[in-house]
Amino acid sequence: LGAMALVFIAIELVVGVYDDTLFYDHMIQHLMLIMLAAPLIAMGAPLELLVRSTTGTAHGTVTRVLDSQVAGVIGHPITGFLLYTVLVPAVHLTGLYNTMLINDLAHDNEHLMFLIVGYLFWRPVVAIEPTRHPLIPPLRLVYLMLAVPIDTFSGLVLTSANHEMFSAYLNAHRTWGPSLISDLHIGGAIMWVAGDSLMALAMIPVVVVWVRSEDLATRRIDAELDAQAAERSSVDYP
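Residues numbered from 1 in each chain as written. Predicted model: local features only at pLDDT ≥ 70, side-chain atom pairs only at ≥ 80, totals over all residues. Heavy atoms only, no water.

What to know about empty space enclosed by the protein
Next, step 1: Inspection of the entire model under this criterion finds one cavity of 30 Å³ or more.
Next, step 2: Its boundaries defined by the atoms lining it, the largest cavity holds a volume of some 40 Å³.
Next, step 3: Forming the walls of the largest cavity are Met27, His30, Leu31, Ile34, Tyr84, Val88, His92, Phe114, Asp151 and Met191.
Next, step 4: Of all the secondary-structure elements, those providing two or more residues to the lining of the largest cavity are α3 (23–43) and α7 (77–93).
Next, step 5: Per-element accounting of the lining of the largest cavity gives the leading share, four residues, to α3.
Next, step 6: When grouped by side-chain class, the residues that make up the lining of the largest cavity number seven nonpolar, two polar and one charged. (1 Å grid on protein atoms, 1.4 Å probe; cavity = no way out; pocket = protein on both sides within 12 Å on 5 of 7 lines; lining within 4 Å. Points joined across faces, edges and corners; volume = space filled by probe spheres on them. Helix = DSSP H or I, 4+ residues; strand = E, 2+ residues; numbered from the N terminus. Nonpolar A, V, L, I, M, F, W, Y, C, P; charged D, E, K, R; others polar.)

In structure tokens, the structure reads:
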């Protein structure tokens with residue numbers, strides 16, 4: 001529900017009103033979708049909900065699909081990471097972005113891509129749904145750290161641009177707000193700073209889970225050693 005509320009705010013309210021007019025507004029929208037709404041969707045465990053809420057033939061079909069090799073490949077952490085690595089620069093640094101500005105259907109599908117790819121990217125990080133390829137907390141942290149340069153690179157390219165990269169903005173003849181190049185630089189800074197900051201914030205609960213798992217493992221080992229010591233003592237001193 002939280003994810004859907006964020007999607008509504010990003011697409012239908014004030015952010016969505018200016019997403020075709022201001023590049024930095026479009027960037028805010030993208031971060032809301034892939035960095036905020038998508039992880040909340042992953043926390044909602046939609047596939048697990050689908051399994052639990054279906055019965056009979058539908059349940060059998062859903063189970064077979066999720067147990068298939070194709071589903072295993074799609075749900076693999078490497079797949080989510082690679083899709084994220086390709087999607088972020090592709091839709092911000094290539095002609096795809098301009099196409100989405102002038103084609104409403106392409107723009108709508110862009111939003112959908114951010115949610116789907118974002119879900120696949122964040123699914124192994126939140127680690128709520130059962131998966132055939134779980135990541136231990138240290139690997140989740142590495143996974144997020146490896147994703148940081150993607151936003152950084154894209155943001156730096158945009159902030160370093162010395163000309164408008166997308167002709168749709170040139171043809172719009174906007175007479176208010178920041179200049180075209182300033183708009184581009186602000187959007188790049190948002191991707192760089194805000195994107196990296198959100199990724200860093202996501203690392204905090206992963207570290208907390210890691211520390212707790214290590215603490216539990218240490219307690220378990222201590223308990224086992226204490227039990228072994230007590231057993232030896234009972235044998236030596238009956």
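Remarks on the packing of aromatic side chains
Next, step 1: Inspection of every chain in the model, using the stated rule, returns eleven aromatic pairs.
Next, step 2: Taking the centre distance of 5.3 Å and the plane angle of 70 degrees together, the rings of phenylalanine 23 and tyrosine 97 count as edge-to-face. Of the two residues, phenylalanine 23 sits in helix α3 while tyrosine 97 sits in helix α8 (residues 95–102), which places them 74 residues apart along the sequence. Of the two residues, phenylalanine 23 and tyrosine 97, neither departs from the other in class, the shared state being buried.
Next, step 3: Between phenylalanine 121 and tryptophan 122 the ring centres are 5.2 Å apart and the planes differ by 90 degrees, which places this aromatic pair in the edge-to-face class.
Next, step 4: Classification of tryptophan 122 as buried rests on a relative accessible area of 4%.
Next, step 5: An aromatic cluster is present here, built from Phe81, Tyr84, Phe121, Trp122 and Tyr143 joined pairwise through their rings.
Next, step 6: Above the ring of tryptophan 176, the side-chain terminus of arginine 174 is found at 5.8 Å from the ring centroid. (Phe/Tyr/Trp six-rings, centres within 6.5 Å; stacked < 30°, edge-to-face > 60°. Buried < 20%, exposed > 50% of the residue type's maximum accessible area, 1.4 Å probe, protein only. Lys NZ or Arg CZ within 6 Å of the ring centre and 35° of its normal.)

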